[in-house]
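Report on the structure
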2 protein chains.
Amino acid sequence: MAERNRQILLKARPKDRPGPEHFELAETPLPEIGKNEVLVRHRFLSLDPYMRGRMDDSASYAAPVPLGGVMEGECVGEVVESRHPGFAPGDWVGGARGWQLYSAAPGHTVQKLPAVEGVPPSAYLGVLGMPGTTAWVGVTEIGQPKPGETFVVAAASGAVGGIAGQIARRMGCRVIGIAGGAEKCRYVTEELGFDACLDHRGDLGRQLDEACPNGIDVYFENVGGAVLQAVFPRMRDFGRIAFCGMVADYNVRPLPPGPSLASVVRKRLRLQGFIVTDHPRAWPSWREHGAAWVRDGSLRWKEDMAEGLENAPAAFTGLLEGKNFGKLVVKL
Amino acid sequence: MAERNRQILLKARPKDRPGPEHFELAETPLPEIGKNEVLVRHRFLSLDPYMRGRMDDSASYAAPVPLGGVMEGECVGEVVESRHPGFAPGDWVGGARGWQLYSAAPGHTVQKLPAVEGVPPSAYLGVLGMPGTTAWVGVTEIGQPKPGETFVVAAASGAVGGIAGQIARRMGCRVIGIAGGAEKCRYVTEELGFDACLDHRGDLGRQLDEACPNGIDVYFENVGGAVLQAVFPRMRDFGRIAFCGMVADYNVRPLPPGPSLASVVRKRLRLQGFIVTDHPRAWPSWREHGAAWVRDGSLRWKEDMAEGLENAPAAFTGLLEGKNFGKLVVKL
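Cut-off values and rules
- Numbers given for residues are sequential positions, taken from 1 along each chain in its written order.
- Each chain is given a letter, starting from A, and each ligand a number, starting from 1, according to the order in which they appear as written.
- In keeping with the model being predicted, local features are shown solely for residues with a pLDDT of at least 70 and side-chain atom pairs are shown and tallied solely at 80 or more, while totals for entire chains, interfaces and linings include all residues.
- Side-chain numbers come from the whole structure's heavy atoms, not from hydrogens or water.
- Least-squares superposition aligns the copies on the C-alpha atoms of those residues with pLDDT at or above 70 in both.
- Strand pairing follows a simple DSSP-based rule, namely that at least 2 bridges must link the two strands.
- Each helix corresponds to a stretch of at least 4 residues labelled H or I by DSSP, and each strand to a stretch of at least 2 residues labelled E; elements are numbered beginning at the N terminus.
- Every axis in this analysis is a line fitted to C-alpha atoms, fitted for helices over the stretch in contact. Angles between the N-to-C directions lie between 0 and 180 degrees.
- We call two residues in contact when some of their heavy atoms are within 4.5 Å.
- In this analysis, the expected span of each helix is defined as 1.5 Å times one less than the number of residues it contains.
- Throughout, exposure labels follow a simple rule: accessible area from a 1.4 Å probe, protein chains only, divided by the maximum for the residue type, with under 20% read as buried, over 50% as exposed, and the rest as partly exposed.
- The directions from the helix axis to the C-beta atoms are what the arc is built from.
- For any pair of parts, buried area is found by adding up, for both, the accessible area (1.4 Å probe) each one loses once the two are put together.
- The term salt bridge refers to a pairing of a side-chain nitrogen on Lys or Arg with a carboxyl oxygen on Asp or Glu at a separation within 4 Å.

An unreviewed UniProt entry lists chain A under the name NADP-dependent oxidoreductase, from Teichococcus rhizosphaerae.

Structure representation (structure tokens):
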């Protein structure tokens, strides 16, 4: 193997928006594997908004990426060499192996991916991976919508929002998406089957009033900022907000204020943040439900495929600006 | 009975702070009772912050008091005449009978109060009434503190906060109160037995850092405004906020913004509003627990007794400004 490893390192911590100056492409020798390790050639890398938080050194639920360290991220790839009895060359595996072409992975840090007809390997980074499981937890465990309720989801054309809305629809809700631009909104209604999709570039308050004349029972929050400000006063009594992400605030310091919380008492609202890694039992549960719906074609999703590790930083900054359309994956 | 009824009516809806111009004292004939009704001479009237909301005509969880209508409120009093088989003259009863001296109450709208040694009738307006039950629900069902956790409660010398903190302490928490002024803080630590009490007139952020060096697990919110702004960034991962009231915001229009909610995701916070009347099973549960602790002297509370129906409006506006010290009750 004459090939060398290539890695994207964190070069500097961004003050607000990340740019090319915060990343560095490095070439290193291929790693050597030890006992119970496998050498994985990563084929697809997932890019997700949470990675922005890992670039800061402030307190968070996970340790930051150290300066000069490999950017963190989930990959799927092929085993090319194995010193672990459970893996053989040619096996497809998934794991948090970072923004790089190769890694020497202890066997317990990767999961073998089942070869299921109709389920491509990259699906394990999206619809059946962390974003899909996040949607599953946020809807079924946090938002807990009931049949007939009005369910609103932000970033509805995104990797999490698109799945969340489809799950809520299967649970009997009226599902209203929010997305940026006519093309994404059309996709959300025509491809994903939502009851409506509102363009946050228009007057979102007025559109919400028309689409949700009786208010909102459950809001799945991926965005924050102005979208939250528009949704919040339209929550119904006993409404729930599942706080999954606040992309609009990730690059803003100091943080802008939130909505007045006076109505939380009056309306008996429940606002709850969650992180999918706190819910280990949800992963197998979602793989079971989700894979069946992927196979029978009833669950729709979209990938936005970038090409080449060297283009990951630009794709990632575009993701934070809402430029992607569908689950962002880099083909390595 | 030559005596006449006296009532406090809502004369005008306040724009912000209520004042004497929004109330009117009226004299009317004594009401006549019909079948299954009792005539009650109210002896004590409870004054509570929620009544401010009833003076507005905006959408709320309860209908507003109509202009010219009797102000709403809980009373305890004596039956002076009965056409209901379950009540006899001399019985003590409690019910939402309004700011007035007498009412003709259908039997099902009042509850007979048990004559328990060591439990004065006015206790059923405070420690064993709505405020005490509110504390019980907010701590046990919403905040759900675990032994060893740090529990912070605002308005700690008040009717709800003082009980909430004592319940949390019985559940094994370290309990930190917040109150206004040295006298109230001394009462909270020396009389109620809290571990500490912070004066929000000082630098509350710094005091919270010292009293809660590892952050706050559960916050029982009665206040809103600047106190919430100081507490919010100090919540720990998986922290819970029981939103019971937001007195600081009741008289402010437009509502001031709240804290940024970006940390709700990162810290997996749960913010939940509640209203005691949604929790009917909590009332008998609290009467049972609370009455035992009142009788054995282990639960401490304080009444702030105003005298005379005509002084209820001034006592009420003082309550909204934090002038009372203990559960505010008017002796009629």
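Back to the text.
The subject of this paragraph is the relation of the copies chain A and chain B. The two chain copies are related to each other by a rotation about an axis together with a translation along it. Laying chain A over chain B is done by rotating through 180 degrees and shifting 0.0 Å along the axis; what remains is an RMSD of 0.0 Å. One copy is carried onto the other by what is essentially a two-fold rotation axis.

Attention shifts here to the sheet that holds strand S8 (residues 150–153) of chain A. The mixed open sheet is built from 12 strands, whose spatial order is S10(A)-S9(A)-S8(A)-S11(A)-S12(A)-S13(A)-S13(B)-S12(B)-S11(B)-S8(B)-S9(B)-S10(B). This sheet does not close on itself; its edge strands, each paired only once, are strand S10 (196–199) of chain A together with strand S10 (196–199) of chain B. Across the sheet, the axes of successive neighbouring strands diverge by a mean angle of 15 degrees, strand direction being ignored. Packing of helix H3 (residues 161–170) of chain A onto the sheet brings it into contact with S8, strand S9 (174–179) and strand S11 (216–221) of chain A, and relative to S8 of chain A it is tilted by some 170 degrees.

So, about helix H9 (residues 282–295) of chain B. Side chains that are three or four residues apart share a direction in an α-helix, a result of its 3.6 residues per turn. Residue and element names in this part refer to chain B. Between its first and last C-alpha atoms H9 spans 19 Å; for 14 residues at 1.5 Å apiece the expected length is 20 Å, and the two agree. Listing the buried residues of H9 in full gives Ala-282, Trp-286, Gly-290, Ala-291, Trp-293 and Val-294. Down the axis of H9, the sector holding all buried residues measures 160 degrees, keeping them to one side. For H9, the exposed residues set more than 90 degrees away from the buried face come down to Pro-284 and Glu-288. If you follow the buried residues of H9, they end up packed against helix H2 (130–143) and helix H3 (161–170). Gly-297 lies just past H9 and shows a positive phi near 80 degrees.

Where interface size is quoted, it is often the accessible area lost as the parts come together. Of the residues lining the interface, 30 residues belong to chain A; the matching set on chain B comes to 30 residues. Across the chain A to chain B interface the summed buried area is about 2,500 Å²; carbon plus sulfur atoms make up 66%. Among the residues of chain A in contact with chain B, Leu-261, Val-265 and Arg-268 of chain A are the three that bury the most area, contributing 24% of the side total. Counting across the chain A and chain B interface gives two salt bridges. Across the salt bridge formed by Asp-278 of chain A and Arg-268 of chain B, the nearest N and O atoms sit 2.6 Å from each other.

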